Amino acid sequence: MEPSRDPKRLVEIMGALRDGETGCPWDKEQDFASIAPYTLEEAYEVVDAIAKNDMANLEEELGDLLLQVVYHAQMAAEGGYFTFEDVVEGITKKMIRRHPHVFGDVQARTAGMAKGTWERIKAQEKADRAARRQALGDESSSQTVSILDDVPDALPALTRAEKIQNKVAKIGFDWDDPALVLDKLEEEIAEARDALAEGSKADVAGEIGDVLFTLVNLARHVDVDPEDALRGCNRKFSRRFAHIERGLLGQNISLEDATLPQMEALWQEAKKAER
């Protein structure tokens, strides 16, 4: 089998890997649940390549992510649920449906996105999704009992918190001033202090969760992506700690033998150099 620029070749390759007789033993053993962690990992690697502006790596990582889509579609096809072609058709339909001001008739393109159009489109998509689930025999999952039901559990916790907050904000359950969120943050920190004093690990964990959730709310109110903010902080910390490691190496001091004051002095050097 030869490489190709045609996505159909990737589908053929995955079919061969999953072939019951001649396929790869590892690939044949996999299912949706076992592959899901790899799907998340590949998505994060795409984001990492973008953050590093590494276009050569981005090309490769996008290929790895596309493979994940084909992998899940192949397993779905084997179960008689849907095919890769169905996935492509579904997303093309969605993009066309969501952009009538781009793909519609002359009147729709001239009018632009009319007020209420987006809500009608989303309502139709929800109805279509329920119909697909029913067709697949999954009637219980189509019964939405909360506006938060369609916020995926598998999202990173900060991202899911932001999406939950955005959902409830749309129906008015929200503060109207970032200063009020700061007040709430101070309240949650005080409760975390009380929990620490009482020594209950479960209570401390709960209060820390409340602090994090409120911090996400603060970020949302000032139009800051909490995941991006924490990612940037992680990079900053890693950069400054690398300065500590280099500084200690230059002084012939191992990390294990270094004192906190020695490391703190190098940390402050790194901070000063970044200003």
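Because the structure is a prediction, the values reported are computed rather than measured. (Residues numbered from 1 in each chain as written. Predicted model: local features only at pLDDT ≥ 70, side-chain atom pairs only at ≥ 80, totals over all residues. Heavy atoms only, no water.)

**Brief notes about unusual backbone geometry**
Definition in use: What counts as a helix is a DSSP run of H or I of at least four residues, what counts as a strand is a run of E of at least two, and both are numbered from the N terminus. Think of it in three bands: residues with accessible area under 20% of the maximum for their type are buried, residues over 50% are exposed, and the middle band is partly exposed, with areas taken using a 1.4 Å probe on protein chains only.
With a phi angle near 60°, D223 is a residue other than glycine that sits in the positive phi range. Secondary-structure assignment places D223 in the loop between α11 (201-221) and α12 (226-250). A residue is classified by how much of its surface remains accessible, and D223, at 73% relative accessible area, is exposed. Despite not being glycine, N252 shows a phi value in the positive range, around 55°. On the basis of relative accessibility, which here comes to 75%, the residue N252 falls in the exposed class.

**Remarks on the packing of helix α3 (residues 32-51) against helix α4 (residues 55-78)**
As a reminder, the rule being used: Between the N-to-C directions of two axes lies an angle of 0 to 180 degrees, each axis being a line fitted to C-alpha atoms and, for a helix, fitted only over the stretch in contact. Convention used here: angles under 35 degrees read as roughly parallel, angles over 145 as roughly antiparallel, angles from 65 to 115 as roughly perpendicular, and any remaining angle as oblique. In a left-handed crossing the near helix is turned counterclockwise from the far helix by less than a right angle, and in a right-handed crossing that turn is clockwise. Throughout, a contact is declared for two residues whenever any of their heavy atoms are within 4.5 Å. Throughout this entry, Asp, Glu, Lys and Arg are counted as charged residues, while Ala, Val, Leu, Ile, Met, Phe, Trp, Tyr, Cys and Pro are counted as nonpolar. The remaining residues, Gly among them, count as polar.
Running from amino to carboxyl end, α3 crosses α4 at an angle of 160°, the nearest separation of the two axes being 9 Å. As far as their axial angle goes, α4 and α3 are roughly antiparallel. For the pair α3 and α4, the sense of crossing is left-handed. Contacts between α3 and α4 involve F32, I35, A36, Y38, T39, E42, A43, E45, V46, A49 and I50 from the former and N57, L58, E61, L62, D64, L65, Q68, Y71, H72, M75 and A76 from the latter. Its residues assigned to classes, the contact of α3 with α4 shows 14 nonpolar, four polar and four charged.

**Here's the deal with the nonpolar core**
Note the threshold: To form a nonpolar core, buried Ala, Val, Leu, Ile, Met, Phe, Trp, Tyr and Cys residues must be joined to one another through side-chain atoms within 4.5 Å.
Core analysis: the largest hydrophobic core is formed by eight residues, namely V11, M14, I35, V70, Y71, A73, M75 and F84. Elements represented by at least two residues in this core include exactly α1 (7-17) and α4. Take this core: its biggest share by element is four residues, from α4. Residues in contact with A73, not counting those within four places in the same chain, are F82, T83, F84 and V87. Formed by six residues, the second largest nonpolar core is a distinct cluster that contains I244, A258, L266 and W267.

**Some words on α3**
What counts here: Multiply 1.5 Å by the residue count of a helix minus one, and that product is the helix's expected span. What the arc measures is the spread of directions leading from the helix axis to the C-beta atoms. Within 3.5 Å is the distance limit for a polar contact, defined as a pair of N or O atoms, with the added protein rule that one can donate a hydrogen and the other accept it, and that residues adjacent in sequence qualify only through two side-chain atoms.
End to end, α3 covers 28 Å across 20 residues, agreeing with the expected 28 Å (1.5 Å per residue, within 8%). Within α3, the full set of buried residues consists of I35, E42, V46 and A49. For α3, the buried positions fall inside an angular range of 65° around the axis, keeping them on one side. Summarising the contacts, the buried residues of α3 are in contact with α2 (25-29) and α4. Among the residues of α3, the N-terminal cap falls to D31, whose side-chain oxygen and the backbone nitrogen of A33 are separated by 3.2 Å. Of the residues flanking the end of α3, it is N53, one or two places downstream, whose phi is positive at about 55°.

**Details of the pattern of salt bridges**
Where we set the bar: A pairing counts as a salt bridge when a side-chain nitrogen of Lys or Arg comes within 4 Å of a carboxyl oxygen of Asp or Glu.
Summed over the entire model, instances satisfying the criterion amount to 13 salt bridges. E187 serves as the salt-bridge partner of K184, at 3.2 Å between the closest nitrogen and oxygen. With K184 and E187 both in helix α10 (residues 178-198) and three residues apart, this pair spans about one turn of that helix. Residue class for E187 comes out partly exposed when judged on its relative accessible area of 37%. D228 is the salt-bridge partner of R231, the closest N and O atoms lying 2.7 Å from each other. Residue R231 and its partner D228 are located together in helix α12, separated by three residues, close to a single helical turn.

**Structural notes on the packing of aromatic side chains**
Cut-off, in case you're wondering: Pairs were defined over the aromatic rings of Phe, Tyr and Trp, the Trp ring being its six-membered one, requiring ring centres within 6.5 Å. Orientation was assigned from the angle between planes: stacked under 30 degrees, edge-to-face over 60, tilted for the rest.
Following the criterion strictly, the structure yields three aromatic pairs and no others. Ring centres 5.9 Å apart and planes at 80° place the aromatic pair W26 and Y38 in the edge-to-face group. Taken as a pair, W26 in helix α2 and Y38 in helix α3 lie far apart in primary sequence, twelve residues in all. Judged by relative accessible area, which is 40%, W26 ranks as partly exposed. Using a relative accessible area of 37% as the deciding quantity, one classes Y38 as partly exposed. Ring geometry for F237 versus W267: centroids 5.2 Å apart, planes at 50°, classification tilted. Of this pair, F237 sits in helix α12 while W267 sits in helix α13 (residues 260-274), and the two are 30 residues apart along the sequence. With relative accessibility at 48%, the residue F237 sits in the partly exposed group. Taking the relative accessible area as the measure of exposure, W267 reaches 17% and is therefore buried. An aromatic cluster of three or more residues is present, and its members are F237, F241 and W267.

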